[in-house]
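Commentary on secondary and tertiary structure
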Amino acid sequence: MNAVRVDPGGWREAIAARLADGARFAGAWVAGSEWRVALAGADHRMAILGCPAGEGVVPSIVDLSPAAGWDEREAHDLHGLGFDGHEPLRALVAHPRDPEAWMTPVQGDGVHEVAVGPVHAGVIESGHFRFHVVGERILAVDARLFYKHRGLERAAEGHEPSDGLAYAQRACAACAVTNGVAYAQAVEAALGLWPDRDLRIGRTVLLELERLYNHLHDIGALCAGVGFAPGTMAFAALKDRAQRVNEQLTAHRFLFGTVAVGAGALACDAASVDAAREAVHDLRADAAAAWRDLEFASSLQARLGGVGVLDRGAALRLGASGPAARASGVRADVRSESPRLWYGDFIPAAPRDATGDVAARLSLRALELETTFEILDELLVHELVGGTTSHEAAPSALGICRVESPRGGTLAAVELAGGRVARLHLRTGSYANWPPLAHAAVGNLLPDFPLINKSFELCYACVDR
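Predicted, not measured: the structure shown is a model, and the values here were computed from it. (Residues numbered from 1 in each chain as written. Predicted model: local features only at pLDDT ≥ 70, side-chain atom pairs only at ≥ 80, totals over all residues. Heavy atoms only, no water.)

With respect to the overall build of the protein chain
Note the cut-off: Only DSSP runs of H or I reaching four residues or more are called helices, and only runs of E reaching two or more are called strands; each is numbered from the N terminus. C-alpha atoms define the radius of gyration in this analysis, and the globule rule sets the expected value at 2.2 Å times the number of residues to the power 0.38. Relative accessibility decides the category of a residue: with a 1.4 Å probe and only protein chains considered, values under 20% of the type maximum give buried, values over 50% give exposed, and everything between is partly exposed. Two residues qualify as a contact provided that any one of their heavy atoms is within 4.5 Å of a heavy atom in the partner residue. Note on areas: Shrake-Rupley, 1.4 Å probe, and residue coverage restricted to the protein chains presented here. His is not counted here, nor are the chain ends, while Lys and Arg score as positive and Asp and Glu score as negative. Where a charge lies is defined by one atom per residue type: Lys uses NZ, Arg uses CZ, Asp uses CG and Glu uses CD.
In terms of helices and strands, the protein chain carries 14 helices and 14 strands. For the protein chain, the C-alpha radius of gyration of 22 Å lies close to 23 Å, the compact-globule estimate for 465 residues. For the C-alpha atoms alone, the extent of the protein chain along its principal axes is close to 60 × 60 × 40 Å. The burial tally for the protein chain puts 54% of its 465 residues in the buried class. In the protein chain, the proportion of contacts linking residues at least 24 apart, taken out of those at least 6 apart, comes to 68%. Accessible surface for the protein chain amounts to roughly 18600 Å². Of this, 52% is attributable to carbon and sulfur atoms. In the protein chain, 44 side chains carry a positive charge and 57 a negative one; their mean positions are 1 Å apart.

As structure tokens, then:
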């Protein structure tokens with residue numbers, strides 16, 4: 001794949017035309033002296049448009065697609081790129097001491113600020129939230145993340161593609177398979193390689209095992225958000241069982257080391273696969289029973305409806321992805337457009353009522369668990385062979401891939417030069433969903449924010465690449 005070069009004078013018109021045809025913003029990054037934007041078309045094809053930034057400035061598209069807001073702010077902080085029309089261009093990755101340089105200005109009688117983090121009481125990555133409130137009602141919230149500055153993308157540069165995989169995989173432990181598969185498939189796309197049946201099946205199994213333990217964890221965490229200890233403990237135990245399946249099948253609870261570039265790294269004999277399938281079958285029955293208990297727990301259910309609403313319009317405008325978007329009525333799931341995996345005629349789950357609140361995000365995960373159980377039951381029937389790839393197209397300098405993580409669509413863009421990684425960009429589902437989360441908190445009571453936060457259950461580490 002190659003980027004389509006568009007002059008600054010026609011940049012906004014080119015983006016607007018693609019959006020009008022049904023494309024959605026999927027990510028953006030700096031490539032040398034060029035600003036590149038990835039758009040996912042209605043036909044499931046990716047398009048990459050590049051705008052030269054000869055004088056260090058390109059036209060902003062934040063008014064055309066507000067989902068690009070964080071990407072533009074990040075590029076300004078890290079690369080000094082200016083965006084004409086993005087006003088105010090507040091800091092995101094940089095952490096200036098002046099609050100006005102990064103916070104939403106809020107004024108009026110009775111308005112005050114409440115600061116939370118970046119150090120938290122639990123075992124959690126650094127994250128700071130600045131709430132503007134009247135009484136306990138949230139008027140606006142600014143999330144300040146990007147504390148670690150790990151430099152994973154820059155560290156991957158110059159490495160062999162197979163060695164660069166470790167940097168993408170380690171962006172986040174809970175999304176290790178998603179990030180690893182996205183990177184591997186982006187490299188393979190650049191090299192003109194196509195996965196065979198065994199490789200597609202193996203990677204799909206890994207992705208669904210990752211989704212399984214994450215969704216179980218997220219339901220338990222949401223129970224913790226309202227202080228419902230029985231649900232918290234029940235789903236924490238189920239999550240641990242799911243991770244034990246991971247360990248027995250792959251030798252790692254978080255599925256590290258199971259993805260490779262150009263071939264499969266997972267190979268399991270029939271006996272191991274049968275044992276995993278039986279364990280998943282038992283887990284499915286117990287998860288269903290635990291979910292029924294939640295449905296009839298009135299003290300839990302009374303706290304969920306109407307809290308943290310993200311309506312469909314806001315979800316589309318802000319680029320929400322994954323369960324958060326589908327709970328708001330946006331029926332988009334990258335699994336339905338993943339020919340390099342083994343999802344077939346996949347149909348995204350949809351809640352009975354796409355109310356976009358905490359209740360909808362909780363029930364959506366329960367529905368998706370059923371889909372995951374079905375997929376694993378179908379695929380865990382024979383030994384898993386590593387699989388390989390074959391040449392199908394001519395190599396190119398740029399490879400793009402999107403993979404559905406437990407939190408939404410993750411994009412990996414890999415540029416190769418001389419057989420080595422020249423550039424890596426990883427935009428995760430968590431990155432996409434932080435602005436929608438902040439939007440969903442507005443108008444709610446401050447004590448409800450932990451509940452809203454856990455209903456999205458986003459990674460902090462994923463954005464700190």
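Read on, since the account is not over.
Thoughts on the nonpolar core
As a rule of thumb, soluble globular proteins bury nonpolar side chains together. Just so we agree on the cut-off: Among buried residues, those of type Ala, Val, Leu, Ile, Met, Phe, Trp, Tyr and Cys that are joined through side-chain atoms within 4.5 Å constitute a nonpolar core.
Ranked by internal contacts, the top residues of the largest apolar core, which has 103 residues, are Leu 216 and Trp 434. Considering every element that reaches this core, the biggest residue donor is helix α6 (residues 197–225), with 11 residues. Other than its neighbours up to four places away in sequence, Trp 434 contacts Trp 70, Phe 129, Leu 145, Asn 453, Leu 458, Cys 459, Tyr 460 and Val 463. Counting residues in hydrophobic clusters, the runner-up holds 21 residues, among them Ala 23, Val 37, Ile 61 and Leu 81.

Quick word on the sheet that holds strand β12 (residues 398–405)
For clarity, the cut-off: Pairs of strands are assigned from DSSP output, requiring at least two bridges between the strands. Fitted lines through C-alpha atoms serve as axes, helices being fitted only where they are in contact, and the angles separating the N-to-C directions of these axes extend from 0 to 180 degrees.
Taken in spatial order, the three strands of this open sheet run β12-β13-β14, and their pairing is antiparallel. Both edges of this open sheet fall to β12 and β14 (420–427), since each of them pairs with a single strand only. When the angles between neighbouring strand axes are averaged without regard to direction, this sheet yields 20°. Helix α5 (residues 176–191) contacts β12, β13 (408–417) and β14 of the sheet and is inclined by roughly 150° relative to β12.

Thoughts on the sheet that holds strand β4 (residues 46–52)
Overall, mixed pairing links the four strands, which are arranged β1-β4-β3-β2 in an open sheet. A strand with exactly one partner marks an edge of an open sheet, and here the two such strands are β1 (4–5) and β2 (24–31). The pairing of β1 with β4 spans two bridges and is parallel. Considered in β4, the bridge of Arg 5 is made with Gly 50. Here helix α1 (residues 8–20) sits on the sheet and contacts β2, β3 (34–40) and β4; the angle it forms with β4, its principal contact strand, is near 165°. Set on the sheet, helix α2 (residues 69–79) makes contact with β2 and β3; between it and β2 the angle comes to about 10°.

Such coordinate-based values are descriptive only and should not be taken to indicate function.
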